[in-house]
Amino acid sequence: QVQLVESGGGLVQPGGSLRLSCVASGFIFKNYAMSWYRQAPGKERELVAGITSAGDSTDYSESVKGRFTISRDNAESTVYLRMNSLKPEDTAVYYCRVRRGRSYWGQGTQVTVSS
């Protein structure tokens, strides 16, 4: 069955960096686009970044453009989210997602940006 396991979250000061990872299994990873979402307390889940199956095209929300970078390693069935210049408003649970008939989600990883 499809499994997505995120890791790499934590507590970081404003201006700091983190790299999130999402390891996928249960499907042919290289054939599917992947995306990262986040959900802050009291807010709806929002799209942060997406990447095509081959990794040759990416897209970002306006709020993270220029600060976050999505990438993937198809040999390792892993998608990454590099987050630089973090702000308190980036605090959220971050999820990776794949659409394979329906959406599949990981359990999420908490990112807290605070001094």
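Structure's up top.
Residues numbered from 1 in each chain as written. Predicted model: local features only at pLDDT ≥ 70, side-chain atom pairs only at ≥ 80, totals over all residues. Heavy atoms only, no water.

Lay out unusual backbone geometry with the relevant residues and their values.
You will see that S77, though not glycine, has its phi angle at about 50°, which is positive. Within the secondary structure, S77 is located in the loop between strand 7 (68-73) and strand 8 (78-83). You will see that S85, though not glycine, has its phi angle at about 50°, which is positive. If you trace the backbone, S85 turns up in the loop between strand 8 and strand 9 (92-100). (Helix = DSSP H or I, 4+ residues; strand = E, 2+ residues; numbered from the N terminus.)

Can you tell me about the pairing of strand 8, naming the residues and giving the values?
Within strand 8, five of the six residues are buried, which leaves it mostly tucked inside the rest of the structure. Following strand 7, the chain reverses through four residues before pairing antiparallel with strand 8; S77 in that reversal takes a positive phi of roughly 50°. (Buried < 20%, exposed > 50% of the residue type's maximum accessible area, 1.4 Å probe, protein only. Pairing = 2+ DSSP bridges.)

Note that all results are geometric; they support no functional claim without further evidence.
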